[in-house]
Amino acid sequence: MLYYFRILSEANEPIVWLRTAGLDPEGDYQCVEDGNIYGGDRLMNAGLAIPAMHGDFQSFIWRFKRV
């Protein structure tokens, strides 16, 4: 599980990248919600772009399983 919480929104907010830690860089991980497969090295180094959220007090959850 990967969580992102935003308290207050910003005007013209830039793209935010969320990086993980502690994954197997050689492993592959599938996002349960959309079925996309990501390499562990990509998740730890490049990360995931936070989807556009409108308003204050927003959150987003990703669920991954190793494949």
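Now for a look at the structure at hand. Everything numeric here is computed off the predicted structure, so don't read it as measured data.

This part covers the sheet that holds strand E7 (residues 64-66). Spatially, the three strands line up as an open sheet ordered E4-E3-E7, and their pairing is antiparallel. The open sheet has two free edges, formed respectively by strand E4 (37-39) and E7, since each of these has just one partner strand. Averaged over all adjacent pairs, the angle separating strand axes in this sheet is 35 degrees, with direction ignored. Of the strand pairs in this sheet, strand E3 (residues 28-31) and E7 are connected by three bridges, and their pairing is antiparallel. The residue bridging Gln30 from the neighbouring strand is Lys65, located in E7.

This next bit is on the pattern of salt bridges. Scanning the model with the defined rule gives three salt bridges in all. Notably, a salt bridge pairs Glu13 with Arg6, separated by 2.8 Å at the nearest N-O pair. Exposure remark for Glu13: the relative accessible area of 30% places this residue in the partly exposed category. Taking relative accessible area as the criterion, Arg6 reaches 8% and is therefore assigned buried. Residue Glu33 pairs with Arg63 through a salt bridge whose shortest N-O separation is 2.7 Å. In this pair, Glu33 is assigned in the loop between E3 and E4 and Arg63 in the loop between strand E6 (58-62) and E7, connecting sequence segments 30 residues apart. What makes Glu33 partly exposed here is its relative accessible area of 43%. Taking relative accessible area as the criterion, Arg63 reaches 40% and is therefore assigned partly exposed.

The rules behind these values
Residues numbered from 1 in each chain as written. Predicted model: local features only at pLDDT ≥ 70, side-chain atom pairs only at ≥ 80, totals over all residues. Heavy atoms only, no water. Pairing = 2+ DSSP bridges. Helix = DSSP H or I, 4+ residues; strand = E, 2+ residues; numbered from the N terminus. Axes fitted to C-alpha atoms, helices over the stretch in contact; angles between N-to-C directions. Salt bridge = Lys/Arg side-chain N within 4 Å of Asp/Glu carboxyl O. Buried < 20%, exposed > 50% of the residue type's maximum accessible area, 1.4 Å probe, protein only.

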